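Next come the chains, spelled out residue by residue.
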Amino acid sequence: MLKGIGVENLRSFSQCIDCNLKPLTVLLGRNSSGKSSLIRLFPLLRQSVEETTTGPVLWYGRYVDYGNFSEAICKGSDNNETIILNFKISLNTAPGNYWRSLDDVNLFPFLDFKLKIALAEQNKKTYAKSVSFEIDGSTIEVIPNYDEEYTMVYASGPDFNWKTKAEATSKKDYKFLPILSWITETPKKSNYKEQVVVNKKFIEEYNAYMYRSIFREKEQWHNEYICKQAAKKIHRFFHHNTKYENIYKELLGIRSYSKDRLEHGIKELFKNHAHFINNIRDSCTRNDLLNALHPFILLKHYNSIAELINVGLFKSLLSIKYLAPIRANTERFYRFQDLQVEEMDHTGSNLAMILNSFSEEETQAFQEWTDENFGFIAFVTTDGSHYAIKIKTDNDNEEHNISDMGYGYSQVLPVIMSIWLEIHSQDSSSDEVIFVIEQPELHLHPAYQEKVAYLFAKVINAAKESKKDVKFIFETHSQSMVDAIGECIQNKVINKDDVNIMIFEKNKESGTSAFTASFDDEGYFTNWPVGFFSGN
């Protein structure tokens, strides 16, 4: 689950801006204050993971256009070489084949990781200058040397640094964390000999088999090497007669990514070492031990953690449902097309196609839902080889073509439809949905703006009951939507802790900064800037 995102040295962000993602995250600020640059990071990252690219970021794609690296980088910063991307992500650390019962839900808890990617440019191409992850104060950083035959890997903690080498990596390996093949002290020669009669399929399969075999051997060597180094580091906590070999062999069995699980693991592994157990009863000594050992354990499991983070972040970014600020105009009539629609287009251009694809039951359910939340229904009518979108409101007995209605209907319907598709989706492959919407209030009367905010809150509340992680991230200039969120808190539709209001400010000297405004239990702001909407 994506819990936070941050950026530094992008456009007007000369300093690091971190955004903690709550179920409801609202970005506010004057025009050109930087909020659009932050919210468009989400579609930027989705288009980057959807496509096969030579680097981590696709600056120009299906959803947004940042130009290129040199156009995206902050011009007023002292750092004119790198753009920093930060992620906070919560991941399930249970093995993939592990069946979790009700009695052991905390055996493999969700853990919070931080991922940092430093982007740079060479020959007009963006590449990863470095990439690192952090958990519980320990960091593993990978710094590729693309011109040499190795990659440097640094493990660090409080007052502790250690480094090792992995084999060379290429720029295309760095979508996020690269999977590393370790350099061994005594590399084994391959037994493979080129065959006189070339069977291409056989050779490909054999090469793949040999690669996996050699990779496993290097991984095993790396694990033993790291555990030996760790044993030397923590030997001082044991009785002086304890052999290094006995410590390192026990460390081979540890699979703990967090410090609290590591503490539990070492107490269990070394429970027969009375001197050691007595030593770590002291909290300061125990912390010293964990600070010394934890980076080594993360380095030992680097590839497993890298795969865990990569898969989790890919899933989170692919779960982004983005709606752009200028949504497509509706038409009076549409031609029939035999196209399968999987989700709402980011401009809302396929709204009519989705409505037309509904079964009778789906149409009825959608109408009941929109009537309950907004007081109108939408449906399609056919006329020969064409069909049209019709709108009927509660205060009108007649149905009207959407082209004859206010412009607000064409702007809000894609938002409503995108939400309805997700909450009624039968796809169980993902339990996370991130709606990213620019200016959902466009062309809407304040009363409808309030209804949109209430809908967001009600969907979040319902998602909690179904154990689905639903987030709404939107930027707005609407005081009505902000006030409606306060009312939702007051009326217990949503909890104040589920809301994050970020307010952006910009000045010539330091660029964009942001702070958080908070609600109390009654839905009133505790630190709202006076005159924000009025400009006074």
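Each remark here, short or long, concerns the structure printed above.
Visitor: Go over the layout of surface pockets with me, naming the residues and quoting the values.
Guide: Size it by volume and the largest pocket reaches roughly 780 Å³. Taken together, 25 residues form the lining of the largest pocket, with E342, L421, E422, S425 and D427 sitting closest to its centre. Of all the elements in the fold, those that place two or more residues in the lining of the largest pocket are α9 (302–318), α10 (351–357), α11 (360–374), α12 (407–423) and β15 (432–438). At three residues, α12 tops the list of elements feeding residues into the lining of the largest pocket. The residue makeup of the lining of the largest pocket, split by class, is eight nonpolar, eight polar and nine charged. When its volume is computed, the second largest pocket comes out at roughly 500 Å³.

Visitor: Tell me what's going on with the packing of aromatic side chains, and back it up with residues and numbers.
Guide: Summed over the entire model, instances satisfying the criterion amount to 36 aromatic pairs. Ring geometry for F160 against F296: centres 5.3 Å apart, planes inclined by 50°, an arrangement best described as tilted. Note that F160 is positioned in strand β9 (residues 160–167) and F296 in helix α8 (residues 283–300), a separation of 136 residues in sequence. Here F160 and F296 have matching classes, each one buried. In this structure an aromatic cluster arises from ring pairing among F160, W162, W221, Y225 and F296.

Visitor: Before we move on, can you summarise the packing of helix α6 (residues 259–269) against α8 with the specific residues and values?
Guide: At their nearest, the axes of α6 and α8 sit 10 Å apart, and the two run at 100° to each other. Our classification of the angle between α6 and α8 gives roughly perpendicular. Between α6, through K259, L262, E263, I266 and K267, and α8, the contact on the second element is made entirely by R286, L289, L290, N291, L293, H294 and I297. Split by residue class, the contact of α6 with α8 holds six nonpolar, two polar and four charged.

Visitor: Hey, could you go over the state of the cysteines for me, with residue numbers and the actual values?
Guide: Within the structure shown, the criterion is met by zero disulfides. Here C488 stays unpaired: no disulfide links it, and the sulfur of C19, its closest cysteine neighbor, is 20 Å away.

Visitor: Any details on a negative patch on the surface? Residues and values, ideally.
Guide: A grouping of E368, D371, E372 and D394 is seen on the molecular surface, where their side chains present a negatively charged patch. Looking at where D394 falls in the secondary structure, it is placed in the loop between β13 (386–393) and β14 (400–401). Classification of D394 by relative accessible area gives exposed; the value is 56%.

Visitor: I'd like to hear about the nonpolar core, residue by residue, with values.
Guide: One finds W59, F113, L115, F133 and L251 to be the most contacted residues of the largest nonpolar core, which totals 90 residues. Per-element accounting of this core gives the leading share, eight residues, to α8. Excluding residues within four positions of it along the chain, F113 makes contact with F87, K88, I89, L91, F133, E134, I135, Y257, I305, L308 and I309. Counting residues in hydrophobic clusters, the runner-up holds 59 residues, among them F366, W420, A453 and C488.

Visitor: Break down helix α5 (residues 244–251) for me, with residues and values.
Guide: Because the α-helix completes a turn every 3.6 residues, residues three or four places apart line up on one side. Of the positions making up α5, those classed as buried are I247, Y248 and L251. Relative to the axis of α5, the buried residues are bounded by an arc of 90° and lie together on one face.

Visitor: Which residues make up the sheet that holds strand β1 (residues 2–8), and what values go with them?
Guide: Read across the sheet, eight strands follow the order β2-β1-β4-β5-β6-β7-β8-β9 without closing on themselves; strand pairing throughout is antiparallel. The open sheet has two edge strands with one neighbour each: β2 (17–20) and β9. Taken over all neighbouring pairs, the strand axes of this sheet differ in orientation by 20° on average, direction set aside. Sheet topology note: the strand β8 (residues 150–157)/β9 ladder contains eight bridges and is antiparallel. For V153, the partnering residue across the bridge sits in β9 and is T164. This element, α8, spans β6 (125–135), β7 (138–144), β8 and β9 of the sheet and lies at about 15° to β9. Seen against the sheet, α9 touches β1, β4 (83–92), β5 (110–122), β6 and β7 and runs at an angle of roughly 100° to β4.

Visitor: Summarise unusual backbone geometry; cite the residues concerned and give the values.
Guide: In the Ramachandran plot, N123 falls in the positive-phi region, its phi being about 55° despite a non-glycine side chain. Within the fold, N123 resides in the loop between β5 and β6. One non-glycine residue, D159, lies in positive phi territory at about 60°. Looking at where D159 falls in the secondary structure, it is placed in the loop between β8 and β9.

Visitor: Help me get a handle on the side chain of R286, residues and values and all.
Guide: Residue placement: R286 occurs in helix α8. In this structure R286 comes out as buried when scored by relative accessible area, which is 18%. With near-sequence residues (within four places) excluded, R286 lies in contact with E263, K267, I280 and R281.

Visitor: Before we move on, can you summarise empty space enclosed by the protein with the specific residues and values?
Guide: Taken as a whole and judged by the stated rule, the model has two cavities of 30 Å³ or more. Lining the largest cavity, in full, are K321, Y322, L323, E343, M344, S418, L421 and E422. A breakdown of the residues in the lining of the largest cavity according to their chemical character gives four nonpolar, one polar and three charged. Size it by volume and the second largest cavity reaches roughly 40 Å³. Forming the walls of the second largest cavity are R46, R62, Y63, I320, Y322, E343, M344, D345 and H346. Its residues assigned to classes, the lining of the second largest cavity comprises four nonpolar, one polar and four charged.

Analysis parameters
- Residues numbered from 1 in each chain as written.
- Predicted model: local features only at pLDDT ≥ 70, side-chain atom pairs only at ≥ 80, totals over all residues.
- Heavy atoms only, no water.
- 1 Å grid on protein atoms, 1.4 Å probe; cavity = no way out; pocket = protein on both sides within 12 Å on 5 of 7 lines; lining within 4 Å.
- Points joined across faces, edges and corners; volume = space filled by probe spheres on them.
- Helix = DSSP H or I, 4+ residues; strand = E, 2+ residues; numbered from the N terminus.
- Nonpolar A, V, L, I, M, F, W, Y, C, P; charged D, E, K, R; others polar.
- Phe/Tyr/Trp six-rings, centres within 6.5 Å; stacked < 30°, edge-to-face > 60°.
- Buried < 20%, exposed > 50% of the residue type's maximum accessible area, 1.4 Å probe, protein only.
- Axes fitted to C-alpha atoms, helices over the stretch in contact; angles between N-to-C directions.
- Parallel < 35°, antiparallel > 145°, perpendicular 65-115°, else oblique.
- Contact = heavy atoms within 4.5 Å.
- Disulfide = S-S within 2.5 Å.
- Patch = residues over 30% accessible without salt bridge, like charges linked within 9 Å, V, L, I, M, F, W, Y side chains within 5 Å.
- Areas by Shrake-Rupley, 256 points an atom, 1.4 Å probe, with all protein chains shown as cover.
- Salt bridge = Lys/Arg side-chain N within 4 Å of Asp/Glu carboxyl O.
- Lys, Arg positive; Asp, Glu negative; His and termini not counted.
- Charge placed at Lys NZ, Arg CZ, Asp CG, Glu CD.
- Core = buried A, V, L, I, M, F, W, Y, C linked by side-chain atoms within 4.5 Å.
- Arc of directions from axis to C-beta.
- Pairing = 2+ DSSP bridges.

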